[in-house]
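# Structural description and commentary
This is what each chain is made of:
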Amino acid sequence: MKRIYFLASLLATLPTFGQQPDGLRCEHLVNPLGIDAAQPRFTWRIGSGEQSSSQVTVSSSGHTVWTSPKVSGGAGFMRYDGPALAPFTDYEWKVTVWDGSQSAAATARFETGMMGQRAWKGAWISDVNDLDLKPAALFRKSFRANGKVRSARAYIAAAGLYELYVNGHRIGEHRLDPMYTRFDRRNLYVTWDVTREMQSGENVLGVMLGNGWYNHQSTAVWDFHKAPWRARPAFCMDVRITYDDGRVETISTGKDWKTATGPVIFNSIYTAEHYDARLEKDGWADHGFDDQGWKHVLLRAAPSMNVTAQAMVPVVANDTLPAQHFRKFSGQRYLYDLGRNIAGVSKITVKGPAGTVLRLRHAERLDSSGHADQSNIDVHYRPTDDQDPFQTDIFILSGKGEETFMPRFNYKGFQFVEVESSRPVELKKESLTGYFLHSQVAPKGFVRTSNTVINRIWEATNNSYLSNLFGYPTDCPQREKNGWTGDAHQAIETALYNFDGITVYEKWLNDHFDEQQPNGVFPSIIPTGGWGYEWGNGPDWTSTIAIIPWNIYLFYGDTTLLARSYEAMRRYVDHITEISPSGITTWGLGDWIPVKSKTPVPFTSTAFYFTDVTILAKAAKLLGKADDHVRYSALASRIRNAFNEKYLNAAAGIYGQGVQTEMSVALYWGLVPDSLRAKVAANLYKRVEADNFHLDVGLIGSKSILNALSENGYADAAYRIASQEDYPSWGWWIKNGATTLYENWPINAKSDISLNHIMFGEIGAWLYKGIGGIFPDERSPGFRHVRMVPHFVKGLDQFECHHDGPNGRIVSSWKRKGKTVTYTMTIPPNSTATLQLPGRPPVTAGAGKHTYEIKD
């Protein structure tokens, strides 16, 4: 049908310049404490108007430390390039922006931390050497602050997990600190402002340690209990006090600390936590506590000599979920339903006789009798006895009235909690609450459509993504909690369209560097205790080293991670080249969990090998490595030619067997010759049509199928697939009660049936791209220039999405009324856009709101 397009209105709403810059970030964090970056990055945006030039000034104690050159252009990014920053120093930074003769300014702060290993004064301490000892250790130290405290900072590094107390007050709301790393190669420390808790005179410091991934006492197939770093948890801390008269005193960990065990009688990041309230030591971290019976601490070697600041958003309890449904089986057995699947913990409040044992069994589903069913998530657990039940907290009551328990050093994946008591207790619906834990990444996107199932798919995708973000991206929050590389790079665009995740990914790429073998090889899970170098890795999975830094560059316009990753990426690519002289690599896992059609491993692995080399060539050009750019560009061409020679039937326009994964992977990752793209896309459409517009892909195909169709003239077909509500489809899960994404297309599969996996989550990004049409432009990244390619797909009457890029909010929305579609886009200040409407020449637009009408 012929369409006629005409411009209804162009509302380039550019208010008068003068608003202060906002969204100020240092190292992509708000007023961070304790950073170690030698050249911190400053970012900001303009609420309205256009920024023609900018300048950053950094000062400390009222003295200017550095003033940047006045930089022309609309970039809201600058890197510190002044004298060396001092440790333990508070800095103010001011950004001034101009639009012609008018200017506006805003200020923010950052504070440096240790800035290296030499600044540490404390010793690493533990309670014992016995790594099999189960109770969690408590540590305390009393000291005098000899003067009025102006400021106080606690710098704490832990091998394991910790909670910090000052004068009886728990410090902060973080959970599961510090974040998981390869402990024998990198340890993280966190900085706390403890000024308010510190007082003149007597003070008490208290620390409780948990095992985390450091001392993995549970046994599962990944052998974390055999990790080379494994030991009893330990920590090192300096509390730096500045008095009003300028004196500085540091209270550190050492032999003068004392230790005992407490009520946490067992804790496992993998399974659960056991708590005996009869063993509570009231006031153990406060004044007046008698610690005469406590033991002296044990000095320990540092887990590694690389202790660096945890410069990233923390894990916190982001949502509180009261029980939606409650069932009483008997006075000793109750069931709670939170109404949705989450990662996190439950908190129970109960009253009962001393010694009463409550078991809180967490599960994703119920069996036919209505009880908690863990059979879909405990399959890889290998317990040696019955003392560590899977996802089952154990709470032993003290009998001292109403008592509350919530785990400190564990999280689980669950919707249901079945409570079993050794004696009758009276529980109510309000007795148990769920807490959704995840890295505190700020939302950056929104999608809403006239199709409620699509809306619920988007929400379920985000729920799964957040459920699998705990300082590193995981596959599932119950059965594994592993940093599967393939899952993460498949979901990277979903992550970045929806959330501000850069600090998590920068940390996780550091974990990559720590895990890379000298020959360039990465394991399939990162971090790892050693498992994953021999199974599951290869370019289809461990392309994280290229794909994630490249996407961070596209979305943020920041080359930092790309530059840091370059050498690791190059060594990795060179290894694949060494073992794949023909240009075809057989190393990989393949299209994991397909619906029915199986694509050969060499097909998908070679496609990712080509992708990695292509990214490496682009990175070389960006970073001024001209020889590498030439070398890897030529290698990419050789791989592409070898791939097409092996798999392409040029006459027919078909790759391999012509199944969905093969055809869409070749299109999406740029392997199809330009002259054949239309023919291959038409054949992909025919394949999809033959499959009744249903999915026939696994993990790798799920990334490419919708994009390959919508980017090559078949957006309607992509939407038909995305909006299906019968098997196999995302909608099929939703129609059957899903609030998160599943691990397998069949709901009743016999294996691989976690109900909270992110690996099929590309649909969350495709909604922004394939319907909203919002794309970054690699020639002007960070959405300084936006490619807008919306599709007004059949079957949908209304669509809206927005993404908050570095310069502000980008909006793409449309509404169909009869035969007219009204399309509106908004481009933020300091950005431009190229709008490509179907069948029309591209239109260039500046900042502001633009509205078009399209008639059939």
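Throughout what follows, the structure given in this document is the object of discussion. This is a predicted model, so every value here is computed, not measured. (Residues numbered from 1 in each chain as written. Predicted model: local features only at pLDDT ≥ 70, side-chain atom pairs only at ≥ 80, totals over all residues. Heavy atoms only, no water.)

## Some remarks on the overall build of the chain
- Helix and strand content of the chain: 15 helices and 45 strands.
- Taken over C-alpha atoms, the radius of gyration comes to 28 Å for the chain, in line with the 29 Å a tight globule of 856 residues would show.
- With the principal axes as the frame, the chain shows a C-alpha extent of 85 × 70 × 55 Å.
- Residues counted as buried form 62% of the 856 residues belonging to the chain.
- Summed over all atoms, the accessible surface of the chain reaches about 31,100 Å², with 48% contributed by carbon and sulfur.
- Each charge sign in the chain was given a centre, from 90 positive and 88 negative side chains, and these centres are 3 Å apart. (Helix = DSSP H or I, 4+ residues; strand = E, 2+ residues; numbered from the N terminus. Rg over C-alpha atoms; globule rule 2.2 N^0.38 Å. Buried < 20%, exposed > 50% of the residue type's maximum accessible area, 1.4 Å probe, protein only. Areas by Shrake-Rupley, 256 points an atom, 1.4 Å probe, with all protein chains shown as cover. Lys, Arg positive; Asp, Glu negative; His and termini not counted. Charge placed at Lys NZ, Arg CZ, Asp CG, Glu CD.)

## Some thoughts on the packing of helix α6 (residues 544–556) against helix α7 (residues 560–579)
- Between α6 and α7, the least distance of the axes is 9 Å, while the angle of their chain directions is 160°. Overall, the two elements α6 and α7 adopt an arrangement that is roughly antiparallel. Pair α6 / α7 crosses with left-handed handedness. On α7, the residues touching I545, A546, P549, W550, I552 and Y553 of α6 are L561, L562, S565, A568, M569 and Y572. (Axes fitted to C-alpha atoms, helices over the stretch in contact; angles between N-to-C directions. Parallel < 35°, antiparallel > 145°, perpendicular 65-115°, else oblique. Left-handed = near helix turned anticlockwise from the far one by under 90°. Contact = heavy atoms within 4.5 Å.)

## Observations regarding the pattern of salt bridges
- All told, the structure shown has 45 salt bridges when counted by the stated rule.
- A salt bridge links D574 to R631, with the shortest nitrogen-to-oxygen separation between them at 3.4 Å. Taken as a pair, D574 in helix α7 and R631 in helix α9 (residues 626–647) lie far apart in primary sequence, 57 residues in all.
- Between D691 and K596 there is a salt bridge; the shortest N-O distance is 3.9 Å. Of this pair, D691 sits in the loop between α11 (677–690) and α12 (699–710) while K596 sits in the loop between α7 and α8 (601–622); the two residues are 95 residues apart in sequence, bridging distant segments of the chain.
- When its relative accessible area of 12% is taken as the criterion, D691 is described as buried.
- Using a relative accessible area of 54% as the deciding quantity, one classes K596 as exposed.
- Because the salt bridges share partners, they merge into one network encompassing E27, R41, R79, E506 and D558. (Salt bridge = Lys/Arg side-chain N within 4 Å of Asp/Glu carboxyl O.)

## Here we look at the packing of α12 against helix α13 (residues 715–722)
- Between α12 and α13, the least distance of the axes is 6 Å, while the angle of their chain directions is 150°. Here α12 and α13 pass one another in a crossing that is left-handed. Of α13, the residues touching α12 (which contributes I705, L706, L709 and S710) are A715, A717, A718, I721 and A722.
- Residues belonging to the contact of α12 with α13 are distributed by class as follows: 8 nonpolar, 1 polar and no charged. (Nonpolar A, V, L, I, M, F, W, Y, C, P; charged D, E, K, R; others polar.)

## Focus: the sheet that holds strand β39 (residues 785–788)
- Strand order in the open sheet made by the 4 strands is β38-β39-β43-β44, with mixed pairing throughout. Lying at the two open borders of the sheet, with one neighbouring strand each, are β38 (774–776) and β44 (843–845). The mean angle between the axes of side-by-side strands here comes to 25°, regardless of whether they run parallel or antiparallel.
- Here 3 bridges tie strand β43 (residues 832–835) to β44, and the two strands are oriented antiparallel to one another. (Pairing = 2+ DSSP bridges.)

## With respect to the nonpolar core
- By size, the foremost hydrophobic cluster in this structure holds 213 residues, and its most contacted members are Y655, W730, M788 and Y823.
- The biggest single contributor to this core is α8, with 11 residues.
- Aside from chain neighbours lying at most four places away, what touches W730 is I457, L695, L706, A722, L741, W745, F760 and I763.
- A137, A145, V149 and L164 belong to the second largest nonpolar core, which has 29 residues in total. (Core = buried A, V, L, I, M, F, W, Y, C linked by side-chain atoms within 4.5 Å.)

## Some thoughts on the environment of G818
- Checked against the element boundaries, G818 lands in the loop between β41 (808–817) and β42 (820–827).
- Separated by 21 residues in the primary sequence, G818 and D797 place their C-alpha atoms 9.4 Å from one another.

## Some thoughts on the side chain of N498
- On the secondary structure map, N498 appears in helix α3 (residues 492–498).
- Residue classification places N498 among the buried positions, given a relative accessible area of 1%.
- If sequence neighbours within four positions are ignored, N498 has contacts with A442, P443, K444, G445, W458, N462, G764 and Y768.

## Quick notes on the packing of aromatic side chains
- Tallied over the full model, the rule gives 57 aromatic pairs.
- On the numbers, 5.3 Å between centres and 70° between planes, the contact of Y165 with W284 is edge-to-face. Of this pair, Y165 sits in strand β13 (residues 161–166) while W284 sits in the loop between β21 (273–276) and β22 (295–296), and the two are 119 residues apart along the sequence. For the pair formed by Y165 and W284, the shared burial category is buried.
- Taken together, Y180, F183, W213, Y214, F224, W229 and Y472 form an aromatic cluster joined through their ring pairs.
- Here the guanidinium or amino end of K70 rests over the ring plane of W98, the centre of that ring lying 3.8 Å away.
- Here the guanidinium or amino end of R787 rests over the ring plane of F775, the centre of that ring lying 4.8 Å away. (Phe/Tyr/Trp six-rings, centres within 6.5 Å; stacked < 30°, edge-to-face > 60°. Lys NZ or Arg CZ within 6 Å of the ring centre and 35° of its normal.)

## Observations regarding helix α1 (residues 452–467)
- The terminal C-alpha atoms of α1 lie 22 Å apart, and with 16 residues this matches the ideal 22 Å at 1.5 Å per residue to within 8%.
- Summarising burial for α1: 13 of the 16 residues are buried, a large majority.
- The N-cap residue of α1 is N451: its side-chain oxygen and the backbone nitrogen of V453 are 2.9 Å apart. (Expected span 1.5 Å × (residues − 1). Polar contact = N/O pair within 3.5 Å; in protein donor to acceptor, adjacent residues only side chain to side chain.)

## A look at the environment of L676
- Looking at the secondary structure, you find L676 in the loop between α10 (660–668) and α11.
- The class for L676 is buried, based on a relative accessible area of 15%.
- Residues within four places of L676 in sequence aside, it is in contact with L648 and A650.

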